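Geometric and topological summary
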Amino acid sequence: MTPYDTSLPQARRARLSGAEAPTGLVDSFGRTVTYLRVSVTDRCDLRCVYCMSEHMRFLPKAEVLTLEELDRIASAFVGLGVRKLRLTGGEPLVRKGLMTLVERLSRHLKSGALEELTLTTNGTRLAEFAPELARHGVRRINVSLDTLKPDLFARLTRGGDLGKVIGGIEAAQGSGLKVKLNAVALARDNAAEIPDLIKWAHGRGLDMTLIETMPLGEIDEDRTDQFLSLAKVRADLESYWTLRDIPLTTGGPARYVEVAETGGRLGFITPLTHNFCEACNRVRLTCTGTLHTCLGREDASDLRAVLRAGGSDEDLTAAIRLAVDAKPQGHDFQIDRGAAPAVSRHMSTTGG
Ligand code: SAM
Ligand code: SF4
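Below is a short write-up of the structure. Because the structure is a prediction, the values reported are computed rather than measured.

Reading the values: the criteria
- Residues numbered from 1 in each chain as written.
- Chains lettered and ligands numbered in written order.
- Predicted model: local features only at pLDDT ≥ 70, side-chain atom pairs only at ≥ 80, totals over all residues.
- Heavy atoms only, no water.
- Near = heavy atom within 4 Å.
- Nonpolar A, V, L, I, M, F, W, Y, C, P; charged D, E, K, R; others polar.
- Polar contact = N/O pair within 3.5 Å; in protein donor to acceptor, adjacent residues only side chain to side chain.
- Phe/Tyr/Trp six-rings, centres within 6.5 Å; stacked < 30°, edge-to-face > 60°.
- Lys NZ or Arg CZ within 6 Å of the ring centre and 35° of its normal.
- Helix = DSSP H or I, 4+ residues; strand = E, 2+ residues; numbered from the N terminus.
- Buried < 20%, exposed > 50% of the residue type's maximum accessible area, 1.4 Å probe, protein only.
- 1 Å grid on protein atoms, 1.4 Å probe; cavity = no way out; pocket = protein on both sides within 12 Å on 5 of 7 lines; lining within 4 Å.
- Points joined across faces, edges and corners; volume = space filled by probe spheres on them.
- Salt bridge = Lys/Arg side-chain N within 4 Å of Asp/Glu carboxyl O.
- Expected span 1.5 Å × (residues − 1).
- Axes fitted to C-alpha atoms, helices over the stretch in contact; angles between N-to-C directions.
- Parallel < 35°, antiparallel > 145°, perpendicular 65-115°, else oblique.
- Left-handed = near helix turned anticlockwise from the far one by under 90°.
- Contact = heavy atoms within 4.5 Å.

**So, the site of ligand 2**
Near ligand 2, the surroundings consist of Cys44, Leu46, Arg47, Cys48, Cys51, Met52, Gly90 and Asn122. Of the residues in the shell around ligand 2, the class split is five nonpolar, two polar and one charged.

**A few points about the site of ligand 1**
Taken together, 18 residues lie around ligand 1, and Tyr50, Gly90, Glu91, Ser144 and Met214 are the ones closest in. One of the side-chain nitrogen or oxygen atoms of Tyr50 is found 3.2 Å away from an oxygen atom of ligand 1. Gly90 has a polar backbone atom sitting 3.0 Å from a nitrogen atom of ligand 1. Partitioning the shell around ligand 1 into residue classes produces six nonpolar, nine polar and three charged.

**Notes on the packing of aromatic side chains**
Under the definition given, this model contains one aromatic pair. Taken together, a centroid distance of 5.6 Å and an interplanar angle of 70 degrees make the contact between Tyr240 and Trp241 edge-to-face. A cation sits over an aromatic face here: Lys84 above Tyr35, 5.0 Å from the ring centre.

**A short note on the environment of Asp196**
Tracing the sequence through the fold places Asp196 in helix H7 (residues 194–203). A relative accessible area of 43% means that Asp196 is categorised as partly exposed. Here the alpha-carbon distance between Asp196 and Leu148, two residues 48 residues apart in the chain, equals 8.5 Å.

**Structural notes on the layout of surface pockets**
Each pocket or cavity is described by its volume, and for the second largest pocket that value is around 290 Å³. What lines the second largest pocket is Val40, Thr41, Asp42, Arg43, Leu59, Lys61, Val64, Leu65, Thr66, Val94, Arg95 and Lys96. Looking at side-chain class alone, the lining of the second largest pocket contains five nonpolar, two polar and five charged residues.

**Describing the pattern of salt bridges**
Counting across every chain of the model gives 17 salt bridges. Between Arg72 and Asp313 there is a salt bridge; the shortest N-O distance is 3.0 Å. Residue Arg72 is located in helix H2 (residues 67–79), and its partner Asp313 is located in helix H10 (residues 313–325); the two are separated by 241 residues in the primary sequence. Here Arg72 falls in the partly exposed class, since its relative accessible area comes to 29%. Between Arg234 and Glu238 there is a salt bridge, with the nearest N and O atoms lying 3.6 Å from each other. Within this pair, Arg234 and its partner Glu238 are both found in helix H8 (residues 230–238), separated by four residues, close to a single helical turn. The class of Arg234 is partly exposed, set by a relative accessible area of 22%. When salt bridges with common partners are traced through the structure, they connect Lys84, Glu116 and Arg140 into a single cluster.

**Focus: H2**
With 13 residues, H2 should cover 18 Å at 1.5 Å per step; its first-to-last C-alpha distance of 18 Å lies within 8% of that length. Among the 13 residues in H2, 10 count as buried, and that is most of the element. Of all the positions in H2, only Leu67, Glu69, Leu70, Asp71, Ile73, Ala74, Ser75, Ala76, Phe77 and Val78 are classed as buried. With its phi angle positive at about 105 degrees, Gly81 sits one or two positions after the end of H2.

**Quick notes on the packing of H2 against H10**
At a minimum axis distance of 10 Å, the contact between H2 and H10 shows a crossing angle of 65 degrees. With respect to H10, the element H2 is oriented roughly perpendicular. The hand of the H2/H10 crossing is right-handed. Counted together, Arg72, Ile73, Ala76 and Phe77 of H2 and Asp313, Leu316 and Ile320 of H10 form the full contact between these two elements. Class assignment for the residues of the contact of H2 with H10 results in five nonpolar, no polar and two charged.

**Here's the deal with H7**
Burial within H7 is extensive, with seven of its 10 residues counted as buried. On its buried face, H7 is in contact with helix H6 (162–174), strand S5 (178–184), strand S6 (207–211), H8, strand S8 (255–259) and strand S9 (264–269). Of the residues trailing H7, Gly205 is marked for its positive phi of about 75 degrees.

In structure tokens, the structure reads:
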């Protein structure tokens, strides 16, 4: 991993930090980074089978960024032109003091520097936090939900209570938050239920996005058994519904359609069957302060090292610019039977 790498050629460093530095965060392929996802914890109150192993070993507290460090790094990105911040995890709502961080970050909404502050959650603690999130300027959130069957939910999450998530979604809507549902498409477990999930979401005024499983981190199962191509899901849906492509962009890699029969919107995130790297505007910060500029590659820059070595705001900015400048052109995910995951870190560390 590269902390602030002082061995870089003089000319490149000068270009990134001197008078010629671009105002925004532009990588060497001309893509502007305007979206940061921040994992605020690697911990979670669920253990989804495709995300974690049953007995996960979580990080020692000292390795995880403090709320002040999270604020400092996220704010540096906002200073560099990032317009959208998404808090994720692990489960962001299990992080102690998260509302303090949300309140602090909301100053960038008030100043107009930030367009959107949002989060991705499993929804189990939303009933408790939705009103406060709304009060601090959060407008939209993503809730992950793969099934409406209580038993299957408990099995997929290794012990989760579906009622809590549904209660959380209702509380969020009651607080005025717009909710989008994310469901991972699983060949064995929820393939047949996908149309019901869509109808349920659209019936409640929720947008919905389907996600293909990604080979991230060692888990206890073989992912090839569960991989379900969204091209196939789409073809199946089109055999009885009318899907119309719509140009909705949420700053993410989802392609959206409108379902005529339900009147709702449906997104497809297909990292494996469609390469969306050419329009990628995002980077990810782990809860340990590692910046990944590509979800599917091992590239990493250690921003925590810059902070904990007493680095100034200028040092932090320079380290961020260097990392973004080296953002890879694209990823090369593959799901091969028996092959090691393309990237060894878990989604819960990187932040989905
Ligand atoms: N705990 C929160 C949640 O579940 O929404 C936020 C973190 S979770 C890692 C973010 C998203 O990543 C969830 O929608 C989850 O379903 C998805 N996810 C986790 N592991 C995945 C995998 N291997 N492939 C595809 N999506 C995955
Ligand atoms: Fe937890 Fe989210 Fe991973 Fe499920 S997907 S184990 S809720 S971090």
